[in-house]
Amino acid sequence: METTSDLEGYFAISNKGRIKRLNTWTENKNKTFWKEHIISLFLDTYSDTNFYLYTKFKP
């Protein structure tokens, strides 16, 4: 599995491809605690036999 240092410690990817946001505090001036949360995956098909899963991250 390849990781990006910017996201390390904030997200975990399971062996089934699910993405979990880990417990963390925001880094803006109004600190907020974010609980663990499974992030939704979306399915996109580009032919009858090919597809891919993706998710949307808000910066």
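As a reminder, the structure under discussion sits directly above these lines.
First, a word on what this report is: a plain description of the structure on this page.

A full pass over the atoms with the stated rule returns four aromatic pairs. Through a chain of ring-to-ring contacts, the aromatic side chains of Phe-42, Tyr-46, Tyr-52 and Tyr-54 assemble into a single cluster. The side chain of Lys-56 reaches across the aromatic face of Phe-42, ending 5.4 Å from its centre.

Among the structural elements, Thr-26 can be located in the loop between strand E3 (24–25) and strand E4 (33–34). Residue classification places Thr-26 among the buried residues on the basis of a relative accessible area of 12%. A polar side-chain atom of Thr-26 sits 3.4 Å from the main-chain carbonyl oxygen of Asn-30. Sequence-distant contacts of Thr-26, that is, excluding residues within four places in its chain, are made with Lys-31, Thr-32 and Trp-34.

What counts as what
Residues numbered from 1 in each chain as written. Predicted model: local features only at pLDDT ≥ 70, side-chain atom pairs only at ≥ 80, totals over all residues. Heavy atoms only, no water. Phe/Tyr/Trp six-rings, centres within 6.5 Å; stacked < 30°, edge-to-face > 60°. Lys NZ or Arg CZ within 6 Å of the ring centre and 35° of its normal. Helix = DSSP H or I, 4+ residues; strand = E, 2+ residues; numbered from the N terminus. Buried < 20%, exposed > 50% of the residue type's maximum accessible area, 1.4 Å probe, protein only. Polar contact = N/O pair within 3.5 Å; in protein donor to acceptor, adjacent residues only side chain to side chain. Contact = heavy atoms within 4.5 Å.

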